[in-house]
Every structure is written in structure tokens, then in C-alpha cells.
Amino acid sequence: SLKVTLTYEDFASGFAFVEYFESFHHQVMSNNGIGFTDSIVVLGNDSVDFYGIMAQGSQLTNKMKISVYDPNDSINTYREMVFVVVTCPTTASSPIIINPTGSYCSNDSVFLSAASNYSNYQWSTGDTVQTIYVPANMPVYIDATDSLGCISKDTSNIDVSIPYEEQICIVSVDSITGKNIIVWEKTALVNTDQFYIYKESFQANVYNLIGFVDYDSLSVFIDVNSNPLQQAERYKISTIDSCGAESTKSSDHKTIHLTASVGTNNENNLVWDGYTGFTFPTYNIYRGPSPNNMTLLAQVASTAFTYSDLTPLSSNNYYKVEAVRNTTCSPTQKATSYPSSISNQVVLNPLGVKDFNTDNVQIYPNPVEDILTINLGGISTAATVNVKNILGATVKTEMFTSNNQFQLNLDIEAGVYFVEIFVDGNHFATKRIVRK
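Residues numbered from 1 in each chain as written. Predicted model: local features only at pLDDT ≥ 70, side-chain atom pairs only at ≥ 80, totals over all residues. Heavy atoms only, no water.

1. Considerations on the pairing of strand β10 (residues 109–114)
To keep it simple, the criterion reads: Classification of residues uses two cut-offs on accessible area relative to the type maximum, computed with a 1.4 Å probe and protein chains only: under 20% is buried, over 50% is exposed, and between them is partly exposed. Going along the chain from the N terminus, every DSSP run of H or I of four or more residues is numbered as a helix, and every run of E of two or more is numbered as a strand. Two strands pair under a simple rule: DSSP has to find at least two bridges between them.
Every second residue of β10 is oriented toward a common face, the buried set being Val110, Leu112 and Ala114 and the non-buried set Ser109, Phe111 and Ser113. As paired elements, strand β8 (residues 97–98) and β10 share two bridges and run antiparallel to each other. Counted as the bridge partner of Ile97 is Ala114 from β10. Where β10 meets strand β12 (residues 131–135), five bridges bridge the pair, whose relative direction is antiparallel. When the bridges of β12 are listed, Leu112 appears paired with Ile132.

Encoded structure:
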């Protein structure tokens, strides 16, 4: 039975720890300039290995003494032990963790193995075996001890698929449907399967999912439930990857909502709320006697949100406001580009305010099989009707003589269509129908 005393003196602050391995596991921390003495009892033929880990360049032989005493003799040294200083490498010569190859979903689990040329393993999971099974998205590190007692460290590096966060390019009012349109430029080779479209609810910063678009489809979404005449809307998008994981939502984009009124001096006053989503220097204001015959009236700074037309036309005055991007948005799989965001259109006439509205127009039945009835809501005049598919292509056009109500034979394939009505050459209404 012997008493072993280990004395530390004046170690540098980089000193880490000293351990008695085998059956006498122990740890003592040392600070610079402070000496510690600790002891254990060795019984019979037990063996004890001492490992000292300290800063690079420390002179271990001048700082540490290991002495063995007879337990009954606390004064005289029975034997002073000698030891060999081993300089451990600062980093492992090769990776310790053998990382699995390939890409994994965040909910997958993988086997992690450590190199076999080590005697002891200590994983951050608490495991001490060579191979462990862990979630792919969990960071894991290891301390591995070699035959000389040197400890090397390594961290796992697993390729985990993370959904790519796509951004909206622009939102606007679609000239064909009169509804809000959301446009983005999809990124290739980022493992995206679908795009989710969100719209802000009646609660600020609370967004509801309103639809999705497959990756292989046109990167455009039309919000058929929007009413640009009523209010501006905010939108966000997210992506769904092949693992079924959803990205965080993109930054929001908000449409431009324009209103108009006749002032006390018969000027036409325009008010709009600003576009949100990209920066631009100028708003363009357009005016014309009809929606299809509008020219640039004025330009104002992007910090302005009102304008008064002091010299309006004597007939109808149609207005819209435009915010132009520095670069054009080009949705994949479509030649059409979107250089700017357009507001809803409003019209003022000498008799007062008349919004570009479709509430009085009735189209029925909807869904329809063959014959569609169109009622202009009290207006008796000649009309032209265009039927367009969801891609904007005209599939049917028909003209009607002066009448309040007429019928249209829909000899077209089943699907979703938009019916455009023009009165006296001016756009009057757009309605969405379903052909059964």
C-alpha cells in the first residue's frame, strides 16, 4: 500500500488538466502561479497512468513531480518517479469522424463512425463507442485519445438539405384578370418541389396560406379572391423541398391601392398607399379617356403618395399609378416580363366619382356547361366579349348589338376562364368562370 502524491507548480494559464487513468480516474484544474497537491492510494499491484495536458512549449519536467510514499511515512520520499514528456499535435493528422456521404433530410438519422486508430472515444452524446446513431441535423463532436494519451477533437459535417428561401420579385394588379398577381424568379438546383403563397389576414403580420405552385409550373400566382379596388394586400412565399420541409417565409410585398376624388375646384385628387418590397425612386402616374388609352401624366418621388390633376380631361379620366423596378422580373417558362407594379385603375367623370367596378355585371350560371348569360346591370349598349384562359390566351371573341342582356355559347374545353367585357371600346368588367 503506497501513497502517490502529484505536485503542480507555476503552470501556465493554458494548463488544462491532469488525469489518473485506469482505476483511479481523477481531474484537478490548475491556475497560473498556484501550486496544488493531490494524492491517491495505490493498493497491491494496481497500475496508475498519469497524463498531464498543458500549453504548447510548457517544460513539464521542471514543473511537475510525482512521488510515492509509504503510507506510514509522510515525511521521507520512498521513491521519486520519472516520466516522459510527449508533445501532442495541435490538430489530428486526419479527420477523426468518418462523415457519411450524400445529402440527408433534416428528419433522417445517420451512423457516425470514428477512425479506428484511437484507444478511447468520448462523443458529445455521452457515448464512448466507436460508432453511434444520431439525427442528421444534430451537431456532434468527439474527443479521441490515442495510445500516447494525446486527445484530438473533431466535429461532424453532414450534408443536410435545408429548404431554399425564395423571394418575391414583384406583386401587381394583373391587366387581364384585374386581380393581384404574385411573381417570382425560381432558383434552379436547390431541391425545391413547390412554392407556397401566403396573404396577410385581417390581423397584422398574420399570414394565411392561399395556394401553391409546383416547381415545374410557371412561377406566377393570381389571387382570384383579391379585390384591388378595395384595398392593398401583402404577400409572402415559401418553398417546400423534396424532403417535405418548408423554408421560412420570404420578405413581404404589398400592392398599390389607388383612390380618386373630385376636389372643390374640379381638380381630380389621387391618393395611394406606397409599394412595399423593392426600392425605387419614382412613381409614374398615367391618365387617359379609357383603360386602353392612357399616357404618362406626371412623375413624383417614391416618398409621395398624393397628386392633384388640375387640368383633367373633359370626358372620363382613367388613372393608374406605377412603381418601376431597377430590373425586370421574368418568371420561368414565360416570355412575358414584369418591369413594374401597377395599381388598380380608377375613373372620374364630370359627374363625379365612378370606380372601375364590376359589381353590377351579372354572369350566370357559374359553373356553366354551354350557354353563359351576361347582364350588364342596367346598361343597354353594344358590347364585345373576350374569353381568355388562365395563361392569358384568347379562346373566343364575340360582338353583341345594343342590348342589356345577351347569351354566349361556350364551345370550349372544360377549365377556368376569364370573361372580359368591353363597352364602347372601353374595358367594362372582367369575370372569372368555370366551364364544366
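Still to come is the rest of the account.
2. Some thoughts on the pattern of salt bridges
The line we're drawing: Put simply, a salt bridge is a Lys or Arg side-chain nitrogen that is within 4 Å of an Asp or Glu carboxyl oxygen.
Under the defined criterion, the tally for this structure stands at eleven salt bridges. The partner of Glu369 in a salt bridge is Lys436, with the nearest N and O atoms 3.5 Å apart. One end of the pair, Glu369, is in the loop between β32 (362–364) and β33 (371–375); the other, Lys436, is in the segment after β38 (426–435), and 67 residues separate them in sequence. By relative accessible area, Glu369 is classed as partly exposed at 46%. Using a relative accessible area of 52% as the deciding quantity, one classes Lys436 as exposed. A single salt-bridge network, built from bridges that share partners, covers Glu200, Arg234 and Asp252.

3. Quick word on the state of the cysteines
Disulfides are covalent bonds that connect the sulfur atoms of two cysteines. Operational definition: The rule for a disulfide is simple: a pair of cysteine sulfur atoms within 2.5 Å.
Under the defined criterion, the tally for this structure stands at two disulfides. Linked covalently through their sulfurs, Cys105 and Cys243 form a disulfide whose S-S length is 1.9 Å. Its S-S torsion of about -80° marks the bond between Cys105 and Cys243 as left-handed, since a negative value means left-handed. Residue Cys105 is located in the loop between β9 (103–104) and β10, and its partner Cys243 is located in the loop between β21 (234–241) and β22 (253–254); the two are separated by 138 residues in the primary sequence. Across a sulfur-sulfur distance of 1.8 Å, Cys169 and Cys329 are joined as a disulfide pair.

4. Some points on the sheet that holds strand β17 (residues 180–183)
What counts is decided by this rule: Only the contacting stretch of a helix is used when fitting its axis, a line to C-alpha atoms as for every element, and angles between N-to-C directions run 0 to 180 degrees.
Strand order in this open sheet of three strands is β16-β17-β20, and the pairing throughout is antiparallel. What marks the edges here is a single partner per strand, and that holds for β16 (170–173) and β20 (220–223). Averaged over all neighbouring strand pairs, the angle between strand axes comes to 20°, with direction disregarded. Bridge count between β16 and β17: four bridges; the pairing is antiparallel. The residue of β17 that forms the bridge with Ile170 is Val183.

5. Some thoughts on the environment of Asn208
Operational definition: Note on definitions: a residue-residue contact is assigned when non-hydrogen atoms from the two residues lie within 4.5 Å.
Positionally, Asn208 belongs in strand β19 (residues 207–214). Considered as a pair, Asn208 and Lys236 are 28 residues apart in the sequence and their alpha carbons are 9.5 Å apart. Apart from the residues within four sequence positions on either side, Asn208 is in contact with Ile197, Tyr198, Lys199 and Ser201.

6. Section: unusual backbone geometry
In this structure, Pro365 follows Tyr364 across a cis peptide bond, with omega equal to -10°. A cis geometry characterises the amide bond from Asn366 onward to Pro367, with omega recorded as 10°. With respect to the element layout, Pro367 can be found in the loop between β32 and β33. Although it is not a glycine, Asn191 sits at a positive phi angle of roughly 70°. By the element assignment, Asn191 lies in the loop between β17 and β18 (192–200). For Asn191, a relative accessible area of 35% translates into the label partly exposed. One non-glycine residue, Asn266, lies in positive phi territory at about 65°.

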